[in-house]
Amino acid sequence: MDKLLVEGGAPLSGTVRVSGAKNAALPLMAASILADGPLTLTNIPRLGDLRTMGRLLGYMGGRAELYPENGGGYREEALLDMSSLDKPEAPHDLVKTMRASSLVLGPLLARHGRAKVSLPGGCAIGVRPIDLHLKALAAMGAEFDLTGGDIVGRAPKDGLVGADIRFDSVTVTGTENVLMAAVLAKGKTVIRNAAREPEVADTARALVAMGAKISGIESDELEIEGVDSLKAASHAVMPDRIEAGTLISAVAMTGGRATIKGARLNDLAVVMGKFTEAGVFLRAENGDLTVEAHRGLLSAVNVTTGPYPGFPTDMQAQFLATMATAKGASIITETIFENRFMHVAELRRLGADVTLEGRTAVVKGVERLSGAPLTASDLRASASLILAAMAAKGTSEITRVYHLDRGYDRLDEKLNGLGAKIKRVKAD
Ligand code: UD1
């Protein structure tokens, strides 16, 4: 298991390119189950979670040509041909490492009429049930049993039927699951209170390229007219807005000036607004984003997470870390997940002054953090620890960085490219 040694204090400068988005690539890979021909995805990032999804597609009998497991021979293109799928099952050992495995449920029911998917358990950031996914798929005629920890689902004999669905609360993968099921269902489906995250729109656009009929893309009401089959297509995965936000945060915390290439700035409006309010200089030019910040000159800003276009929960840990050295007190409120402050205890070890009260963190900026041994608890928390360690005085050792590699495409290498001093060491 790798660990990272981070020597703090180096200001960042240079240019860095954003990779394809994890949260778009995952549903897109699941969408390949729906097509009669191969789905080619470009701009595929190098991530542990995508390897897991590739393994799952292979387990089910499909052909998932992704980069090799050992990380060598990377190509940014994946070819997914699921026409040979003969085992519509997602076993526990794959689902437990990646909750998003449940994204295969809708496509399997729509294309193969049955699915057996291990029920995702709790994870570090909260309980995360999939009851809303199941309720919506049931409205389309699917029936579910829970046996031995697996959800066993069946579509009616003649396939799923379109339905008028309203999600009680916004769910990103729930919207994607139902959207993927609806494209092959009989008749019309309306999804109300649909998640508006850009990753949902990216999935919808790929489905349209495969022959699906979807209107209302980017809105909270999706209308889908079912078709009989979907064909081969090719789609470029959208850039990762959370990676872009994490890079902004890195420059904000360490000071310096860097150019981020390949980000889609429209998707980042609220995040950029909050960093600007805190005193970070952001300039968009020819699609690139220049970030400039001066150490010790940031000021406290309050943030409340919310579904898109609100402030993303996936940026909460990084923003909170940024506030740890800002002037004044900021109030960070997490409304999406009930237990997403695991990073706080670790940030305190670096000297951050944070008090937690339920879903709210009060961060009182300190002048300087100082290096310490740290343990990463989840994906975005690990990023926040790296950023804080980069801003701290002295060296920090961060263990359990496999969380980082699940969802960031070589973040440590990219940061080193900007002048950070992060050493990856193989630990046993
Ligand atoms: C997705 C993202 C994740 C991000 C999250 C919120 C992927 C692969 N993951 O996760 O990175 O942090 O959106 O933006 O895209 N809920 C229920 N019942 C359900 C479904 C959800 O109660 O059936 C609750 C969840 O526990 C949570 C909230 O709804 O409190 C939002 O979750 P959801 O949008 O579904 O998150 P994911 O799709 O799992």
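Every chain is numbered on its own, with residues counted from 1 as its sequence reads. Per-residue local features are limited, in this predicted model, to residues with pLDDT of at least 70; the limit for side-chain atom pairs, both in listing and counting, is 80 or more; totals at the level of whole chains, interfaces and linings are taken over all residues. Neither water nor hydrogens contribute to the side-chain values; these are computed over all heavy atoms in the structure.

*Asks:* Outline the overall build of the chain, listing residues and values.
*Replies:* Put simply, DSSP H or I for four residues or longer makes a helix, DSSP E for two residues or longer makes a strand, and each gets a number counted from the N terminus. Across its full length, the chain holds 14 helices and 24 strands. Look at the contacts in the chain between residues 6 or more apart in sequence, and 73% of them connect residues 24 or more apart. What sets the accessible areas is the Shrake-Rupley method with a 1.4 Å probe; for residues, cover comes only from the shown protein chains. Roughly 16400 Å² of accessible area belongs to the chain as shown, and the carbon and sulfur atoms make up 49% of that amount. In this tally, Lys and Arg are treated as positive and Asp and Glu as negative; His is ignored, and so are the chain termini. Where a charge lies is defined by one atom per residue type, namely NZ (Lys), CZ (Arg), CG (Asp) and CD (Glu). Taking the 50 positively charged and 50 negatively charged side chains of the chain as two groups, their mean positions are separated by 3 Å. By the convention used here, residues are in contact when the closest approach between their heavy atoms is within 4.5 Å.

*Asks:* Before we move on, could you go through the side chain of Ser249 and cite the residues and values that matter?
*Replies:* Along the chain, the position of Ser249 falls in helix α8 (residues 241-254). From its side chain, Ser249 meets the backbone oxygen of Gln318 in a polar contact 3.2 Å long. Definition of a polar contact: a pair of N or O atoms within 3.5 Å, with one able to donate and the other able to accept a hydrogen when the atoms are protein atoms, and with sequence-neighbouring residues admitted only if both atoms are side-chain atoms.

*Asks:* A description of the sheet that holds strand β8 (residues 143-147) should follow, citing residues and the corresponding values.
*Replies:* Pairing in this open sheet of four strands is mixed, and the strands run β6-β7-β9-β8 from one edge to the other. This sheet does not close on itself; its edge strands, each paired only once, are β6 (89-90) and β8. The criterion for strand pairing is that DSSP finds at least two bridges linking the strands in question. In this structure, strand β7 (residues 114-118) lies alongside strand β9 (residues 150-154), joined through five bridges in antiparallel fashion. Bridge pairing in β9 places Arg114 opposite Arg154.

*Asks:* Let's hear about the site of the ligand: which residues, and what values?
*Replies:* Near is defined per residue: the residue qualifies when any heavy atom it owns lies within 4 Å of the molecule or strand. Around the ligand, the structure places 18 residues, and the nearest of them are Asp131, Leu132, Thr173, Asp314 and Ile336. Pro129 is positioned such that a nitrogen or oxygen atom in its backbone is 3.3 Å from an oxygen atom of the ligand. Note that an oxygen atom of the ligand is positioned 2.7 Å from one of the side-chain N or O atoms of Thr171. Taken by itself the ligand offers 740 Å² of open surface, and the protein chains cover 86% of this. Of all the secondary-structure elements, those providing two or more residues to the shell around the ligand are α5 (131-139) and α6 (172-182).

*Asks:* Tell me about α6, residues and numbers included.
*Replies:* Residues that lie three or four places apart on an α-helix share one face, since the helix turns once every 3.6 residues. Accessibility here uses a 1.4 Å probe with only protein chains present; expressed as a share of the type maximum, an area under 20% marks a residue as buried, one over 50% as exposed, and anything in between as partly exposed. Judged by how many residues are buried, α6 sits mostly within the fold: nine of eleven residues are covered. Among the residues of α6, Gly174, Thr175, Glu176, Asn177, Val178, Leu179, Met180, Ala181 and Ala182 are the ones counted as buried. Where α6 begins, the capping side chain belongs to Thr171, and its oxygen is found 3.0 Å from the backbone nitrogen of Gly174.

*Asks:* Now, about helix α11 (residues 342-349): what can you tell me, with residues and values included?
*Replies:* All of the buried residues in α11 are His343, Val344, Glu346 and Leu347. Contacts made by the buried residues of α11 are with α10 (316-323), β20 (353-357), β22 (373-375) and α12 (379-391). In the segment just after α11, Gly351 is the residue with positive phi, at about 105 degrees.

*Asks:* So what's going on with the pattern of salt bridges? Residues and values would help.
*Replies:* When the charged atoms of two side chains with opposite charge come close together, those side chains can pair. Within this document, salt bridges are pairs made up of a side-chain nitrogen of Lys or Arg and a carboxyl oxygen of Asp or Glu, the two lying within 4 Å of each other. Following the criterion strictly, the structure yields 27 salt bridges and no others. One salt bridge connects Lys426 with Asp2, and the closest N-O pair in it is separated by 3.3 Å. With Lys426 in strand β24 (residues 421-426) and Asp2 in strand β1 (residues 2-7), this pair connects stretches of sequence that are 424 residues apart. Lys426 sits in the exposed class, given a relative accessible area of 70%.

*Asks:* Account for unusual backbone geometry, with residues named and values stated.
*Replies:* With omega at 5 degrees, the peptide bond leading from Tyr308 into Pro309 counts as cis. Mapping Pro309 onto the fold places it in the loop between β18 (303-304) and α10. Of note in this structure, Asn193 is not a glycine but carries a positive phi near 55 degrees. Assignment of secondary structure puts Asn193 in the loop between β11 (188-192) and α7 (198-209). Of the residues examined, Asn193 reaches a relative accessible area of 22% and is grouped as partly exposed. One non-glycine residue, Glu218, lies in positive phi territory at about 85 degrees.

*Asks:* Outline the packing of aromatic side chains, listing residues and values.
*Replies:* Ring geometry is summarised as follows: Phe, Tyr and Trp rings, the Trp one being its six-membered ring, pair when their centres sit within 6.5 Å, and such pairs are stacked at plane angles under 30 degrees, edge-to-face over 60 and tilted between the two. Tallied over the entire structure, the rule returns two aromatic pairs. When the centroid spacing of 5.0 Å and the interplanar angle of 65 degrees are considered together, the rings of Phe275 and Phe319 count as edge-to-face. In this pair, Phe275 sits in helix α9 (residues 269-277) while Phe319 sits in helix α10, placing the two residues 44 residues apart along the sequence. With respect to burial, Phe275 and Phe319 carry one shared label: buried. Seen from their ring centres, Phe311 and Phe319 are 5.5 Å apart, and the 70 degrees between their planes marks the pair as edge-to-face. Like Phe311, the residue Phe319 is buried in the burial classification. Among the aromatic residues, those joined into a ring-pair cluster are Phe275, Phe311 and Phe319.

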